[in-house]
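Structure at a glance
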Amino acid sequence: MTTETDKSIFFKGVRDAAPFVLVVSPFATLFGVVATEAGLNVLEALTFSFAVIAGAAQFTALALMVDNAPVILVLASALAVNLRMAMYSAALTPYLGAAPLWHRALAAYFIVDQSYALAHMRFEENRDWALRQKLLYFWGTVVPVCPFWYLFTVIGAVLGSSIPDWMALDFAVPITFIAIIMPMLRTRAHLAAALVSVVGALIFAFLPYNLGLFVAGIAAMMTGAEIERRTQPDGGA
């Protein structure tokens, strides 16, 4: 059996996350373009990405700002879209919860869809890893994702509207989430939650300010939780 070193575990995280550069880069570029078209300068667009570092929430907040929505609604909608990060944090707590407070706070900032999905999957597969090894793997997954999010936000903001429409950068948004979610749909609860979220988003698409996503997300979480409860050995009793 090959013994894994701290270095090999870190670079395993880097390798696992590296393919996401192909979708993070156009996704971030698109945000930079949209941000400048909405009136933000390069520094403001970069600050936006640094402060929020969550693509879906950033696009949601920006769209509402362009529509002159009330500030409280912008904040509430962005928070609602980003509620999944709280679930991600809770799911990683059993693995990283023993780390020092400063380390947990820094890791919490860098929990994004890609780092969570990869870390959770690998931690499940390698339950013998020590805390240090788990942290090293987590940081490995961050390296190919977050710096490129910042970099390509700037590139998109600098290029602005000069990027032609035929490049269709928005393809990166659905592809990113498909690549993350599909490998994780392993149980009936997962599949049901995914189905309800899709159907709910379509049914409630008429709601203003993207509130349909919020409603669909809640319905999906409730569905998944209920099916999980019913399929437990004790029957949820």
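Higher on the page you've got the structure.
First things first, this report covers the structure right here in the doc. (Residues numbered from 1 in each chain as written. Predicted model: local features only at pLDDT ≥ 70, side-chain atom pairs only at ≥ 80, totals over all residues. Heavy atoms only, no water.)

A separate point is the packing of helix α6 (residues 83-96) against helix α9 (residues 131-142). Where α6 contacts α9, the two axes come as close as 10 Å, and the packing angle between them is 140°. On the basis of their axis angle, the class for α6 and α9 is oblique. Where α6 approaches α9, its residues L92, Y95 and L96 are matched on the opposing element by L131, K134, L135 and F138. For the contact of α6 with α9, the residue count by class is 6 nonpolar, no polar and 1 charged. (Axes fitted to C-alpha atoms, helices over the stretch in contact; angles between N-to-C directions. Helix = DSSP H or I, 4+ residues; strand = E, 2+ residues; numbered from the N terminus. Parallel < 35°, antiparallel > 145°, perpendicular 65-115°, else oblique. Contact = heavy atoms within 4.5 Å. Nonpolar A, V, L, I, M, F, W, Y, C, P; charged D, E, K, R; others polar.)

This part takes up the nonpolar core. Counting 52 residues, the largest nonpolar core has F110, F123 and F138 as its most contacted members. By residue number, the principal contributor to this core is helix α2 (residues 21-37), which donates 7 residues. When near neighbours in sequence (up to four residues on either side) are disregarded, F110 contacts I53, S115, F138, W139, V142, C146 and Y150. (Core = buried A, V, L, I, M, F, W, Y, C linked by side-chain atoms within 4.5 Å. Buried < 20%, exposed > 50% of the residue type's maximum accessible area, 1.4 Å probe, protein only.)

Okay, the packing of aromatic side chains next. Under the defined criterion, the tally for this structure stands at 16 aromatic pairs. Judged by centre distance (5.3 Å) and plane angle (45°), the ring pair of Y95 and F123 falls under tilted. Remark: F123 occurs in helix α8 (residues 113-125) and Y95 occurs in helix α6; sequence separation between them is 28 residues. For the pair Y95 and F123, one class covers both residues: buried. Measuring from ring centre to ring centre gives 6.4 Å for F123 and W129, while their planes differ by 75°; the resulting arrangement is edge-to-face. W129 carries the same exposure label as F123, and that label is buried. (Phe/Tyr/Trp six-rings, centres within 6.5 Å; stacked < 30°, edge-to-face > 60°.)

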